[in-house]
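# Chain and residue survey
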Amino acid sequence: MSEVVIYTPRPGAEAGSDDREGGSPMTIDVAEREALQEAVRDLLRSRCTEQDVRQVLTGDDGFDRDLWRRLAEQGVTGIVIGSEYGGVGLGAVELEAVAEETGAALLPSPFISSAVLTAALIQAAGSEDDKQRLLPGLADGTAIGTVAVTGRAGTWTAEGVDVRAGTDGTLTGSAHYVTDGQVADVLLVVANGTDGAGVYEVDPGASGFERVAATVFDPSVRLSTFTFTGTPARRLGAAGWDAVQQALDLATIALAGEQCGGTRRIFEITVEYLKTRIQFGRPIGSFQALKHMAADLLLKVESSTSAAQNAAAQRDTDPDTAGGAIALAGFACAEAYRDTAAAAIQMHGGIGFTWEHPAHLYLRRARTGLQLFGGPRLHRERYLQSKGA
């Protein structure tokens, strides 16, 4: 198991910066990216087994704080945060590679909530003071962040924001499906003011603020409902919905990476079962019907992986034109995961329908991720818009 930081810049290189304009994240070579991915994989294979995941599901926090600390030591919690704020400063390609490993291991953690969505939104919307104040804690894992975006409808669009910001700087309304909302101590809220959507910071102990844990289908992804009643808040910078969309794009890439990682892992588990389960004197994987099902699932595995990796690559190359690729990954990876996990249960037969089998854990994660950050319908609409349809 690796206990060291997963990425160290090459001599003469500084993480989080390069010679390109716009503060683009630094690009690392394939060997370094594979080393990063392998280090995360080794740690999770040791500390995030199926037994570990099941134990976390019954806990209060919803994640293993010691494992979170170890991930922070490896640089995972600061992967997209600039080095000037204590992060590693890598791009979407490296983020997606790490997310494939967290998804394969079914890691229960605030990785996407804190290390991706919150960190990206602060960097997109916050002032320099905001960044200096908030990002170091997120980078080293001592602080956990979340972003309250959508109302009850769960559209994850500007029109779906239900929280209102008053001229006196207070918030009123509610936000739903807030990921890791019960454990977060850096709370960002998207609210509509007189000049449109803005990003606001709320103190966890602020008056008029209440957070309630939601009933969830997958206890490895904890959700909350935030309610604001004249709650004092502080606006971050002057950015509007564009900054929120930038952060959601990065979160969608990370989620797509987790989904294709989970898709591949449950497919591998299923293929292994087909090779070893004997029926009528031979492995069931030799039956033509199951061969055809496995071949169809392999296409979903490879297609979803290509979609996620392409979205990440385009996001790093040209964020302004990557919307279509990100939207494609948003629906392709979610649906591939759902279909593969559901088919895996069927292909396992009776044992697949028992709670003791890990297939259920993957199906629950797949169905939960299907609704986060917009869902397939929103992503399809956005993809068509990017094509001028």
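Residues numbered from 1 in each chain as written. Predicted model: local features only at pLDDT ≥ 70, side-chain atom pairs only at ≥ 80, totals over all residues. Heavy atoms only, no water.

Moving on, we get to the overall build of the protein chain. When its secondary structure is counted, the protein chain shows 11 helices and 10 strands. Relative to its length of 389 residues, the protein chain is compact, with a C-alpha radius of gyration of 21 Å against a globular reference of 21 Å. Burial statistics for the protein chain: of 389 residues in total, 54% are counted as buried. Contacts spanning at least 24 positions in sequence make up 74% of the contacts within the protein chain whose residues lie at least 6 apart. (Helix = DSSP H or I, 4+ residues; strand = E, 2+ residues; numbered from the N terminus. Rg over C-alpha atoms; globule rule 2.2 N^0.38 Å. Buried < 20%, exposed > 50% of the residue type's maximum accessible area, 1.4 Å probe, protein only. Contact = heavy atoms within 4.5 Å.)

Looking at the secondary structure, you find S304 in helix α8 (residues 288-317). Judged by relative accessible area, which is 1%, S304 ranks as buried.

By the secondary structure assignment, L372 is in the loop between α10 (359-369) and α11 (375-386). Separated by 146 residues in sequence, L372 and F226 place their C-alpha atoms 16 Å apart. Here L372 is in contact with W156, T179, V221, L223 and L255, once residues within four sequence places are set aside.

Attention now moves to the UniProt feature "domain: Acyl-CoA dehydrogenase/oxidase N-terminal" (unreviewed entry) in the protein chain. Per the UniProt record, "domain: Acyl-CoA dehydrogenase/oxidase N-terminal" (unreviewed entry) is found at residues 32-141. Along residues 32-141, the helical share is 66% and the strand share 0%, with 23 Å between the first and last C-alpha atoms. (UniProt positions renumbered as here; feature names shortened; annotations may be inferred.)

Okay, the pairing of strand β4 (residues 186-193) next. For β4, the buried fraction is high: six of the eight residues fall into the buried class. Joining the antiparallel neighbours β4 and strand β5 (residues 196-202) is a turn of two residues. (Pairing = 2+ DSSP bridges.)

The next subject is helix α3 (residues 65-73). For α3, the full list of buried residues reads L67, W68, R70, L71 and A72. Considering only its buried residues, α3 is in contact with α1 (30-47) and α5 (111-125).

In this section: the packing of aromatic side chains. With the rule as written, the count across this model stands at six aromatic pairs. Taking 5.4 Å as the distance between ring centres and 20° as the angle between the ring planes, the aromatic pair formed by F209 and F228 counts as stacked. Taken together, the residues span a long stretch of sequence, with F209 in strand β6 (residues 209-213) and F228 in strand β7 (residues 223-232) at a distance of 19 residues. Like F209, the residue F228 is buried in the burial classification. With a centroid separation of 6.3 Å and 85° between ring planes, the pair formed by F226 and F228 is classed as edge-to-face. Taken together, the ring pairs connect F209, F226 and F228 into an aromatic cluster. (Phe/Tyr/Trp six-rings, centres within 6.5 Å; stacked < 30°, edge-to-face > 60°.)

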